[in-house]
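# Commentary on secondary and tertiary structure
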Amino acid sequence: MQALIDKTLEQLKSDPKVWGVLLTGSYARGDATPGSDLDFWVLLRDVLERRFRAEQVDGAWLEIHYRNLSQARIRLTQEPIELYNHLDGRILHDPDSHLAQLRAQAAQMFENYRTPEAESRAIAYWLSGVRRKLEAAFAAGDTVKIGYLSSTSAWKILEGLWAANNKPMPPSGSVGAHLGRLELPLTPAQLSHDLFAASPEVRGRTALHLMDWTLERL
C-alpha cells in the first residue's frame, strides 16, 4: 500500500493548485485492515471547489477530499467531526505549513470543545426513552427485544459517551481508535465486547449501565 500512497502523493504534488496533502483515516492512524479505504485530504490553492474523487486503483479503494484554506477553516468551526482529519492525519506535503497550522487549530478546538446544550438534551431524551423500553424487555424476559434494542441504540449510546465527555463524535470508522480518549465506566476493550459481541442479555445490561453513566453526566 505504501507504493500506492507514494504514487498518489507524487501525482497530487505535481498539480500546481495543490498546497498540501494529508493522509487520513486508518492508514494514517496505523490501524488499517484488508479492504480499508486509502483516504487523502488535499488543501488547494486559489481554487473555490473541486469535486470529491473516489475510484479503485491497483486493487484498493482511493478517496480524495479537496478543501481550500477558507473551506477548511469554516468546516473546523461548523463541523466538529472534521477535527479528526487533522488530529489523526499524517502530513505528507506542506511546504508553507498551512496543514501544520490547521492541525494546531484543530488540537486547540478539540481541547476546548463543549457539547452544545441542545445536543445534550436531545441525546438524554432519546436514551431515557430507550432505557425504559429495555427495562420493560428485561421484565418480560424478551431476549429478542433486548438484543434488538441494544443493537439499535448502540450508536446513540456512543454519541452519549462522547457528549458526556465534551468531545465531538468521531467518524464511525475511527470510534474504536478514539475510545481511549474518553473517561468511561468500562475499559474500551470491555465496552466494545460487551456492547457489540456478547449475548443479548449482556449487551442489554451493558447498554443500561452505559446509559445510566451517561445520563448522570449530561
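Let us look at the structure shown here. These numbers come from a predicted model, not from an experiment.

Applying the stated criterion across every chain, the model contains 13 salt bridges. Between Glu-79 and Arg-75 there is a salt bridge, with the nearest N and O atoms lying 3.2 Å from each other. Across the pair Arg-131 and Asp-212 runs a salt bridge, and its minimum N-O distance is 2.5 Å. Of the two residues, Arg-131 is situated in helix α6 (residues 117-140) and Asp-212 in helix α10 (residues 200-215); the sequence distance between them amounts to 81 residues. Judged by relative accessible area, which is 22%, Arg-131 ranks as partly exposed. Salt bridges sharing partners connect three or more residues here, namely Arg-29, Asp-31 and Asp-88.

Quick look at helix α1 (residues 2-13) now. A rise of 1.5 Å per residue sets the reference length of α1, with its twelve residues, at 16 Å; its end C-alpha atoms lie 16 Å apart and thus fit the reference within 8%. Every buried residue belonging to α1 is among Leu-4, Ile-5, Thr-8, Leu-9 and Leu-12, and all of these are buried. End-on view of α1: buried residues confined to an arc of 135°, all on one side of the axis. Tucked inside the fold, the buried residues of α1 contact β1 (18-24), β2 (38-44), β3 (53-57), β4 (60-68) and β5 (90-93).

Each value, and the rule that gives it
Residues numbered from 1 in each chain as written. Predicted model: local features only at pLDDT ≥ 70, side-chain atom pairs only at ≥ 80, totals over all residues. Heavy atoms only, no water. Salt bridge = Lys/Arg side-chain N within 4 Å of Asp/Glu carboxyl O. Helix = DSSP H or I, 4+ residues; strand = E, 2+ residues; numbered from the N terminus. Buried < 20%, exposed > 50% of the residue type's maximum accessible area, 1.4 Å probe, protein only. Expected span 1.5 Å × (residues − 1). Arc of directions from axis to C-beta. Contact = heavy atoms within 4.5 Å.

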